[in-house]
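# Architecture and fold: a report
Each chain is listed here by its residues.
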Amino acid sequence: MRILVVEDEEMIADIISAGLTRTGYQCESVYDGAEAAGLLEAKRYDLILLDIMLPGADGYELMEYIKNYNTPVIFITARTRLEDKVRGFKLGADDYITKPFELAELTARVEAVLRRYGKSRDKIAVAGIEVDMESKTVEKDGHPVELTAKEYDLLLLFLRNRNIALYRERIYEEVWGGEFDPDSRTVDIHVQRLKRKMGLEHSMVSVRNVGYRLEVSET
């Protein structure tokens, strides 16, 4: 899946690209609206992440170019006014996310938009682990592994954020929803079960005063 990130703040563009690349997407960044228009004429993308306030040509103007290619668009912008969102959707945007945002939320929205276009990735394969997201089945080294619904969601969270330390609070919010109770052992118990079932005793490590990190090679 090829994603074009059109964002004039290079640091934000780099963070977005790095995060989505870790989850298996191929990203290209551009920091100028006019340059983005040129890329759209030369290349094809599965999704465009588009800022509104850009030099050269703003995001609203770029939508006129994008309409010709039937490429889904998610606006990523600091503009929070209702009229800006309405204008974005009227121009054909598929989603609208305001800054600041969590990469996990952005990834979820990217996947949701791609599913609507029939472009979603049906499988994630990392370090001997293969997850079929259509059938919700899991294999480790070619052998099926039976997981509960929460264990499945937990595994996807770690795979999408591999080599990143995840706070217990975030793990709980992403998998269970609601507010995290610091005295609860729910996250720890489920992580330990997942480690045993998936044979991840050495690669899913505890991070002191934080939570857990899934360590896998990217090569």
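Per an unreviewed UniProt entry, the chain goes by Stage 0 sporulation protein A homolog and derives from [Clostridium] asparagiforme DSM 15981. Quoted verbatim from the Function (unreviewed entry) field of UniProt, the annotation for the chain is "May play the central regulatory role in sporulation. It may be an element of the effector pathway responsible for the activation of sporulation genes in response to nutritional stress. Spo0A may act in concert with spo0H (a sigma factor) to control the expression of some genes that are critical to the sporulation process."

Let us look at the UniProt feature "domain: Response regulatory" (unreviewed entry) in the chain. This chain's UniProt record puts "domain: Response regulatory" (unreviewed entry) on residues 2–114. From the first C-alpha to the last, residues 2–114 spans 11 Å; its make-up is 46% helix and 20% strand.

With respect to the helices and strands, K140 occurs in strand β8 (residues 137–140). The buried charged residue K140 lacks any salt bridge, with D141 as its nearest oppositely charged partner at 4.2 Å. Non-local contacts of K140, meaning those with residues more than four positions away in its chain, are made with A127, G128, I129, V145, M198, G199 and L200.

A separate point is the nonpolar core. Among the nonpolar cores identified, the biggest contains 28 residues, and L155, F158 and M198 are the most heavily contacted of them. Listed by contribution, the elements that provide at least two residues to this core are β6 (123–126), β7 (129–132), α6 (149–160), α7 (168–175), α8 (186–198) and β12 (211–214). Per element, the largest residue contribution to this core is seven residues, and it comes from α6. Those residues in contact with M198 that sit more than four places away from it in its chain are I129, V138, E139, K140, V145, L147 and L155. V30, A37, Y45 and L91 belong to the second-largest nonpolar core, a separate cluster that totals 21 residues.

Parameters and conventions
- Residues numbered from 1 in each chain as written.
- Predicted model: local features only at pLDDT ≥ 70, side-chain atom pairs only at ≥ 80, totals over all residues.
- Heavy atoms only, no water.
- UniProt positions renumbered as here; feature names shortened; annotations may be inferred.
- Helix = DSSP H or I, 4+ residues; strand = E, 2+ residues; numbered from the N terminus.
- Buried < 20%, exposed > 50% of the residue type's maximum accessible area, 1.4 Å probe, protein only.
- Lys, Arg positive; Asp, Glu negative; His and termini not counted.
- Salt bridge = Lys/Arg side-chain N within 4 Å of Asp/Glu carboxyl O.
- Contact = heavy atoms within 4.5 Å.
- Core = buried A, V, L, I, M, F, W, Y, C linked by side-chain atoms within 4.5 Å.

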